[in-house]
Amino acid sequence: MEPLLGVLLGLILAAASSTQNNCTCATNKWTVCAQDGSGNCTCTLVGSNHRVDCSMLTSKCLLMKAEMTPLKEKRFWGQPRVLLDVDGVYNPDCEDSGVFKARQCNQNDTCWCVNTAGVRRTEKGDKSLSCGEVVRTSWICIEMKHKKRSHVFNVTNIGNALRHLFERRYKLHPKFIAAVKYNSPLIQIHLNQQGSEKSRCDVDIADVAYYFEKDIKDDSVFHSNRTLTVSVNGDALDIEKIRLYYVDEKPPEFSMKQLAAGVSAVVTVVTMTAGFGIAVLVILRWLRTRKYAKIEMKEMGEIRAPSLQ
């Protein structure tokens, strides 16, 4: 009887160990997971201890915050990733819901306003900068270029493959994929999601675009199934370049001073170019006139030469 109890206990411990090992967050590698007293797997975000719903994508803001965590706090994931801004590195501030706060600041107390995708939409200022509510990004254009091929893809097939990918891997409802355009080797994916159309169950297009960009750059956020493979009727779609463009529900708010500086720079360049062009034209005209003068003098000399004999 005792040997039988020992075997049963061993099986129970093995099952418990296996369950513990399976306690991971499939949609987010930047998490620490553990089982609670009831055996439920609970995952929190590295660096912020924010509880993560692993059945859906994690918000872009929370992911950026996790990527900024010092190496000692995520030693098991290797080298830390940083979010680079044109004026330095900053750690994004997120609301409790996971969305970006309207105002972001870096370590130098330089602040700016962002949209729901975390992209700057104003000029920079100090801590006194007021941003109001965060402006929603309603349209994202994903522009890609695939590697050279002996033949181009069928437009319909490539559109169906990418739509299926976004629906299956990123849980994006097809109604938010406005268009997929293809002109070899360029591909454009248009994501359109108005605030009034998005429900609480819908994933945000900014989060989808961020996950997809990470997948393309071979830095997947997914804990499992991290390698992205896209097949178009059996042929692999290999992307080598990607760029994202964002359009908000409200226009960006850059100051006239900054715009004036930009216009001034453009005017200066145009003026210098025009001046250089005029100088070149004057020199060419002078050289041409000089050449004609030499030819005329030579002809006059040839005409006068016989009369001297």
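Going by what an unreviewed UniProt entry lists, the protein chain is known as TACD2 protein and is assigned to Smutsornis africanus. Quoted verbatim from the Subcellular location (unreviewed entry) field of UniProt, the annotation for the protein chain is "Membrane". Here the protein chain is described in UniProt, under the heading Sequence similarities (unreviewed entry), as follows: "Belongs to the EPCAM family."

1. With respect to the pattern of salt bridges
As enumerated under the stated definition, the model contains 11 salt bridges in all. The salt bridge involving K127 is made with D109; its shortest N-O contact spans 3.9 Å. Taken as a pair, K127 in the loop between β6 (111–113) and β7 (137–146) and D109 in the loop between β5 (103–105) and β6 lie far apart in primary sequence, 18 residues in all. Looking at K127, the relative accessible area reads 46%, which means it is partly exposed. The residue K214 makes a salt bridge to D219 at a minimum N-O spacing of 3.1 Å. Judged by its relative accessible area of 13%, K214 is buried.

2. Details of helix α2 (residues 60–67)
When you tally the buried positions in α2, you get seven out of eight residues, the bulk of the element. When we look at burial in α2, the residues that qualify are K60, C61, L62, L63, M64, A66 and E67. Its buried side turned inward, α2 meets β2 (41–45), α4 (205–216) and β12 (239–248).

3. Some thoughts on the sheet that holds β7
Sheet architecture is open: four strands sit in the order β8-β9-β7-β12, paired in antiparallel fashion. Single-partner strands in this sheet number two, and they are β8 (177–183) and β12. Sheet twist, expressed as the average angle between the axes of neighbouring strands with direction ignored, equals 15°. Where β7 meets β12, nine bridges bridge the pair, whose relative direction is antiparallel. Of the residues in β12, the one forming a bridge with C141 is Y245. Sitting on the sheet, helix α3 (residues 155–168) is in contact with β7, β8 and β9 (186–192), with an inclination near 140° to β8.

4. Things to note about the state of the cysteines
Summed over the entire model, instances satisfying the criterion amount to six disulfides. The partner cysteine of C23 in its disulfide is C41, sulfur to sulfur 2.0 Å. A torsion of 95° about the S-S bond marks the disulfide between C23 and C41 as right-handed. Placement of the pair is C23 in the loop between α1 (2–21) and β1 (31–35) and C41 in strand β2, with a sequence separation of 18 residues. C41 gets classed as partly exposed once you look at its relative accessible area, which sits at 37%. Across the disulfide from C113 sits C131; the S-S distance is 2.0 Å. Classification of the bridge connecting C113 and C131 rests on its S-S torsion, roughly -90°, and on that basis the disulfide is left-handed. Taken as a pair, C113 in strand β6 and C131 in the loop between β6 and β7 lie far apart in primary sequence, 18 residues in all. With relative accessibility at 7%, the residue C113 sits in the buried group.

5. Considerations on a positive patch on the surface
A cluster of basic residues, K145, K148, K241 and R243, forms a positive patch on the protein surface. Tracing the backbone shows R243 in strand β12. A residue is classified by how much of its surface remains accessible, and R243, at 52% relative accessible area, is exposed.

Analysis parameters
Residues numbered from 1 in each chain as written. Predicted model: local features only at pLDDT ≥ 70, side-chain atom pairs only at ≥ 80, totals over all residues. Heavy atoms only, no water. UniProt positions renumbered as here; feature names shortened; annotations may be inferred. Salt bridge = Lys/Arg side-chain N within 4 Å of Asp/Glu carboxyl O. Helix = DSSP H or I, 4+ residues; strand = E, 2+ residues; numbered from the N terminus. Buried < 20%, exposed > 50% of the residue type's maximum accessible area, 1.4 Å probe, protein only. Contact = heavy atoms within 4.5 Å. Pairing = 2+ DSSP bridges. Axes fitted to C-alpha atoms, helices over the stretch in contact; angles between N-to-C directions. Disulfide = S-S within 2.5 Å. Patch = residues over 30% accessible without salt bridge, like charges linked within 9 Å, V, L, I, M, F, W, Y side chains within 5 Å. Areas by Shrake-Rupley, 256 points an atom, 1.4 Å probe, with all protein chains shown as cover. Lys, Arg positive; Asp, Glu negative; His and termini not counted. Charge placed at Lys NZ, Arg CZ, Asp CG, Glu CD.

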